[in-house]
Amino acid sequence: MFFNKSEFLFHRTYSILLIGLLSFVIVSCEGLFKKEERKNPIARVGDAYLFQEDLAPLITENMTKGDSASFAVNFINNWASKQLLLSKAKINLSEDKLAEYNALVDDYRTDLYTRVYKEALVSQATDTIITDAQLETFYEKGKENFKLKERIARIRFVSLPKGFMDKEEVSKRMKRFKEEDVRYLDSIGVQFNKLNFNDSIWVRFTRIFEEIPPINIDNADKYLKNSQFFELEDSIGVYLGKIEEIKDVNEIAPLSFIKPTIEQVLLSRRKMDYLRKLETELLDEAIKDKEFEVFESKK
């Protein structure tokens, strides 16, 4: 489709106008509830005014005088551009289009206010503590839904600099790993390139590949096996590690591994239950107080 010059300019600015309209709503929504008379205008476009109190909160203490002046000029010019675009939109857009976009703006404003209000109510009214018993119950009821989509392992490892003098001692203690061994390894840990002694935490194989480069997807089956101890080397250093346990794809994920996910699910359900109850109570109260009624359609 081809346009003449005036049509091209109109259609070119058409999408810009939508962005301008939304930006106008976002910039202006803070003042929608303010009824007091505003003072100290710093710019005007037609009947629209920009006030000092709109700009002041945006000027931070760490700005120099030059920076704040430059920021103010840019802010005022951007505000003026949006007002001019809005003015042109009202002139050039058809009544049907204006009505359509006004409806969109109204919907956006309503969604914005109600969402913020509901989030505030939820944060105040809902309990965010998930007990171990609640986690266990949810986990046991839905175990089949928690099958792993990737391999995970419990592992301890250290990365030693090349030529490390006590490598054999470290290797012996990494294998045995009793309390005195852990104390010894902790005491010299500053000499290691990397270390991870918390072998009760499940980690993804992909994370192991990142931390121990000599192990990759092609040789993982060789080195990442239950009770496997490995010693590997690359150009950076030597890696000593012990695999405590692995879980394969489609095995049931351990509770400790998916605990954060379950917590989010339970909190989300709690939030949705509260909001459903809130909306029901609001409707019931409005009906009782005759603030809300539905009229029968006349045929």
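Before reading on, note that the structure itself is shown above.
Residues numbered from 1 in each chain as written. Predicted model: local features only at pLDDT ≥ 70, side-chain atom pairs only at ≥ 80, totals over all residues. Heavy atoms only, no water.

1. Observations regarding the pattern of salt bridges
Let me state the cut-off plainly: We count a salt bridge whenever a side-chain nitrogen from Lys or Arg sits within 4 Å of a carboxyl oxygen from Asp or Glu. Secondary structure counts use DSSP, requiring at least four H or I residues in a row for a helix and at least two E residues in a row for a strand, with both numbered from the N terminus. Think of it in three bands: residues with accessible area under 20% of the maximum for their type are buried, residues over 50% are exposed, and the middle band is partly exposed, with areas taken using a 1.4 Å probe on protein chains only.
For the structure shown, the criterion picks out 23 salt bridges. Residue arginine 109 is joined to aspartate 106 by a salt bridge in which the shortest nitrogen-to-oxygen separation is 2.5 Å. In this pair, arginine 109 and aspartate 106 are both assigned in helix 4 (residues 95-125), three residues apart and thus about one turn of the helix distant. Assessed through its relative accessible area of 36%, aspartate 106 is described here as partly exposed. Across the pair arginine 183 and glutamate 179 runs a salt bridge whose closest N-O atoms are separated by 3.9 Å. Of this pair, arginine 183 and glutamate 179 both sit in helix 7 (residues 179-187), four residues apart, which is roughly one turn of the helix. Of the two residues examined, arginine 183 and glutamate 179, each falls in the exposed class. Because the salt bridges share partners, they merge into one network encompassing Glu169, Lys172, Arg173, Arg176 and Asp181.

2. Examining helix 4
Condition: Helices are assigned an expected span. That span is 1.5 Å times one less than the residue count.
In this model, helix 4 (31 residues) spans 44 Å end to end at C-alpha, consistent with the 45 Å of a helix rising 1.5 Å per residue. All of the buried residues in helix 4 are Leu98, Tyr101, Val105, Leu112, Leu121 and Val122.

3. A few points about the nonpolar core
Selection criterion: The set of buried Ala, Val, Leu, Ile, Met, Phe, Trp, Tyr and Cys residues whose side-chain atoms join them within 4.5 Å is what this entry labels a nonpolar core. Only heavy atoms matter for contacts: two residues are in contact if any of them lie within 4.5 Å across the pair.
Counting residues in hydrophobic clusters, the biggest one holds 15 residues, and the most contacted among them are Ile155, Phe205, Ile208, Ile212, Ile215, Leu224 and Phe230. Put simply, the parts of the chain that give this core at least two residues each are strand 3 (152-161), helix 8 (205-211), helix 9 (220-223), strand 6 (229-233) and strand 7 (237-247). The residues touching isoleucine 212, leaving out its near neighbours within four places in the chain, are Ile155, Phe157, Phe230 and Tyr239. Judged by nonpolar contacts, the second largest core, of 14 residues, contains Leu135, Tyr139, Ile152 and Ile258.

4. Notes on the packing of aromatic side chains
Rules: Any two rings among Phe, Tyr and Trp, with Trp reduced to its six-membered ring, count as a pair given centres within 6.5 Å; such a pair is stacked if its planes are under 30 degrees apart, edge-to-face if over 60, and tilted if neither.
By the definition in use, this model includes seven aromatic pairs. Note on phenylalanine 138 and phenylalanine 146: the rings are 6.1 Å apart at their centroids and 40° apart in plane angle, and the pair reads as tilted. Phenylalanine 138 sits in the buried class, given a relative accessible area of 18%. Judged by its relative accessible area of 15%, phenylalanine 146 is buried. Here the aromatic residues Phe138, Tyr139 and Phe146 are joined through ring pairs into a cluster of three or more.

5. Quick word on the packing of helix 6 (residues 167-176) against helix 7
We apply this condition: Angular values range over 0 to 180 degrees, each being the angle between N-to-C directions of two axes fitted as lines to C-alpha atoms, with helices fitted over their stretch in contact. Throughout, the term roughly parallel applies to angles under 35 degrees, roughly antiparallel to angles over 145, roughly perpendicular to angles from 65 to 115, and oblique to all others. If you view the pair so one helix is near and one far, a crossing is left-handed when the near helix is turned anticlockwise from the far one by less than a right angle, and right-handed when it is turned clockwise. In this count, Pro and Cys sit with the nonpolar residues alongside Ala, Val, Leu, Ile, Met, Phe, Trp and Tyr, while Asp, Glu, Lys and Arg are called charged and the others, Gly among them, polar.
Running from N to C, helix 6 and helix 7 cross one another at 140°; their axes reach a closest spacing of 9 Å. By the criterion of interaxial angle, the relationship of helix 6 to helix 7 is oblique. Between helix 6 and helix 7 the crossing geometry is left-handed. Across the interface between the two elements, Glu169, Val170, Arg173, Met174 and Arg176 of helix 6 pack against Glu180, Asp181, Tyr184 and Leu185 of helix 7. Each residue belonging to the contact of helix 6 with helix 7 can be placed in one class, and the counts come to four nonpolar, no polar and five charged.

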